[in-house]
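Observations on the model geometry
For reference, the chains in residue letters:
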Amino acid sequence: MSMPMVITAAMVGAETTREQTPHLPITAEEIAEDAVKCREAGAAMVHLHVRTADGKPSQDAGLFRAAIRAIRKRTDIIIQTSTGGAVGMSVDERCGPLTLTGADRPDMATLTTGTVNFGQDVFWNPRPLVRDIARRIRALGIKPEIECFDVGMIDEANALAKEGLVDLPAHYDFVLGVPGALSAREDALEFMIKSLPQGSTWTVAAMGRHQLPFVELAAERGGNARVGLEDNIYVSKGVLAKGNWELVAEAAKRAKAKGRTLATPEEARKILRLT
Ligand code: KMH
Ligand code: ZN
């Protein structure tokens, strides 16, 4: 029997625009509304970015606070905040959500462990910056999700563990299919899984048309999956998802067809060993 599958909804992102899809949630209320529907459709976690009122990507602590409060008022879904933000942001800017404490503290935060080409841009994560963010996540007392755009980022997490900045076994997200980075190939997923330290948990986030097929590959391999408008706006060829919830519902259907049950947030907290 495999573990229940943890579905994460990457709801907002930094790159998707309202011009591309009118269904992108932007305000705290819109994000909370969609998060409730994602939870009902089978998601246990949201991966959260925020936007200013005019839709620009932001890592502002106040905007995160408003979104986190709006979500927590309405649902028990796990909240993982981004520390990646948008390309070009400074490390302090990226770490805005890590300044939230007490009832506003996120449950998890992302930690990308290497630099990678990101479309026409560079997602800049030199080793000192990675250590800076790892320290801030640790100081807040929350668990990182190690974002791996390539297999070397798994190896770098091992280096961080040796330095006492990350605990093993950790939780990883394989981000596949970003133009300029590792593509969304089944053999790439296999290699990532094989490269993990014993006892790790993992999620796969595949971009664009690869998103939903990779939910099935993850389901078959006992892993977890991330879907959502950050990475893909279509629920089928040429058909826009009407919200993140519709991508979660489709992922849930595909996971169940592969024999997986879906984790509740409470089960996901145990599976991912959140405190
Ligand atoms: N927006 C990307 C540049 C994360 O959330 O930690 C980075 C990103 C990763 O989305
Ligand atoms: Zn993100």
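These figures come from a predicted structure and were not determined experimentally. (Residues numbered from 1 in each chain as written. Chains lettered and ligands numbered in written order. Predicted model: local features only at pLDDT ≥ 70, side-chain atom pairs only at ≥ 80, totals over all residues. Heavy atoms only, no water.)

1. Some details on the sheet that holds strand E12 (residues 224–227)
For the record, the criterion: DSSP-based pairing: two strands are paired if at least 2 bridges between them are found. Put simply, DSSP marks the helices as runs of H or I at least four residues long and the strands as runs of E at least two long, and each gets a number from the N terminus on. Think of each axis as a best-fit line through the C-alpha atoms, taken over the contacting stretch in the case of a helix, with angles from 0 to 180 degrees between the N-to-C directions. Any two residues whose heavy atoms approach within 4.5 Å at even a single point are treated as in contact.
The parallel closed barrel is built from eight strands, whose spatial order is E1-E2-E5-E6-E9-E10-E11-E12. For this sheet, the mean angle separating the axes of adjacent strands, direction not counted, is 25°. Where strand E1 (residues 7–10) meets strand E2 (residues 45–48), three bridges bridge the pair, whose relative direction is parallel. Counterpart to Ala 9 in the pairing with E2 is Val 46. Against the sheet, helix H4 (residues 127–140) makes contact with strand E6 (108–112) and strand E9 (143–148), and its axis sits at roughly 165° relative to E6, the strand it touches most. The strands touched by helix H7 (residues 211–220) within the sheet are strand E10 (171–176), strand E11 (201–206) and E12, with E12 carrying the most contacts at an inclination of about 170°.

2. Focus on the coordination of the zinc ion (ligand 2)
Note the cut-off: As a rule, N, O and S atoms within 2.8 Å of a metal are its donors, except that Na, K and Ca use 3.2 Å; water is not among the atoms, so sites may look incomplete. Type-normalised accessible area, obtained with a 1.4 Å probe on protein chains alone, sets the label of each residue: buried when under 20%, exposed when over 50%, and partly exposed for intermediate values.
Every protein donor of the zinc ion (ligand 2) is listed here as His 47 (NE2), His 49 (NE2) and Glu 230 (OE), and their distances to the metal cover 2.1 to 2.2 Å. The sequence pattern describing where the donors of the zinc ion (ligand 2) fall on their chain is H-x1-H-x180-E. His 49 shares its class with His 47; the two are buried.

3. What about the site of ligand 1?
Stated precisely, the cut-off is as follows: Residues are labelled near a given molecule or strand when at least one of their non-hydrogen atoms is within 4 Å of it. Counted as a polar contact is a pair of N or O atoms within 3.5 Å, where, for protein atoms, one must be capable of donating a hydrogen and the other of accepting one, and residues adjacent in sequence contribute only when both atoms are in side chains. Surface accessibility follows the Shrake-Rupley procedure with a 1.4 Å probe radius. Residue values consider only the protein chains on display as shielding. Any residue with an atom within 4 Å of a point lines the site, the site being either a cavity, points on a 1 Å grid over the protein atoms alone where a 1.4 Å probe fits but cannot get out, or a pocket, an open set with protein on both sides within 12 Å along at least 5 of 7 lines. By definition, a pocket or cavity contains a molecule when more than half of the molecule's atoms lie within 2 Å of the pocket's grid points. Classification convention: Asp, Glu, Lys, Arg as charged; Ala, Val, Leu, Ile, Met, Phe, Trp, Tyr, Cys, Pro as nonpolar; all other residues, Gly among them, as polar.
The environment of ligand 1 is formed by 13 residues, the closest being Glu 15, Ser 82, Gly 85, Thr 110 and Glu 230. At 3.1 Å from an oxygen atom of ligand 1 is found a side-chain nitrogen or oxygen belonging to His 47. Take Glu 230: an N or O atom from its side chain is 3.0 Å from an oxygen atom of ligand 1. Relative to its unbound accessible surface of 300 Å², ligand 1 loses 97% to contact with the protein. More than half of the atoms belonging to ligand 1 lie within 2 Å of the grid points that define the largest pocket. Considering only residue class, the shell around ligand 1 consists of four nonpolar, seven polar and two charged.

4. Brief notes about H7
Counting buried residues along H7, seven of its ten residues qualify, which places the element largely inside the surrounding structure. Restricting attention to buried positions, one finds in H7 the residues Gln 211, Leu 212, Phe 214, Val 215, Leu 217, Ala 218 and Ala 219. Its buried side turned inward, H7 meets E10, helix H6 (186–194), E11, E12, strand E13 (234–236) and helix H8 (244–257). Downstream of H7 by a residue or two, Gly 222 has a phi angle that is positive, lying close to 75°.

5. Topic: the environment of Ala 257
Its location among the elements puts Ala 257 in helix H8. The spatial distance from the C-alpha of Ala 257 to the C-alpha of Glu 216 is 8.7 Å, given a sequence separation of 41 residues.

6. What to know about the pairing of E9
Applicable threshold: Handedness is read with the strands pointing away from the viewer; a crossover is right-handed when the path from the first strand over the helix to the second is clockwise.
Burial runs high along E9: six of the six residues are buried. Of the strand pairs in this sheet, E6 and E9 are connected by five bridges, and their pairing is parallel. Paired with Leu 111 across the strands is Ile 146, a residue of E9. In terms of strand pairing, E9 meets E10 through four bridges, oriented parallel. Across the sheet, residue Glu 145 finds its bridge partner in E10, namely His 171. Note on the crossover from E9 through helix H5 (residues 152–162) to E10: the handedness is right-handed.

7. Focus on the pairing of E12
Side chains Asn 224 and Arg 226 of E12 all project onto a buried face; the interleaved residues Ala 225 and Val 227 project onto the opposite face, where all are buried too. Here E1 pairs with E12 via three bridges, running parallel. Looking across to E12, one finds that Ile 7 is bridged to Ala 225. In terms of strand pairing, E11 meets E12 through two bridges, oriented parallel. For Thr 203, the partnering residue across the bridge sits in E12 and is Asn 224. For the handedness criterion, the β-α-β arrangement of E11, H7 and E12 is classed as right-handed.

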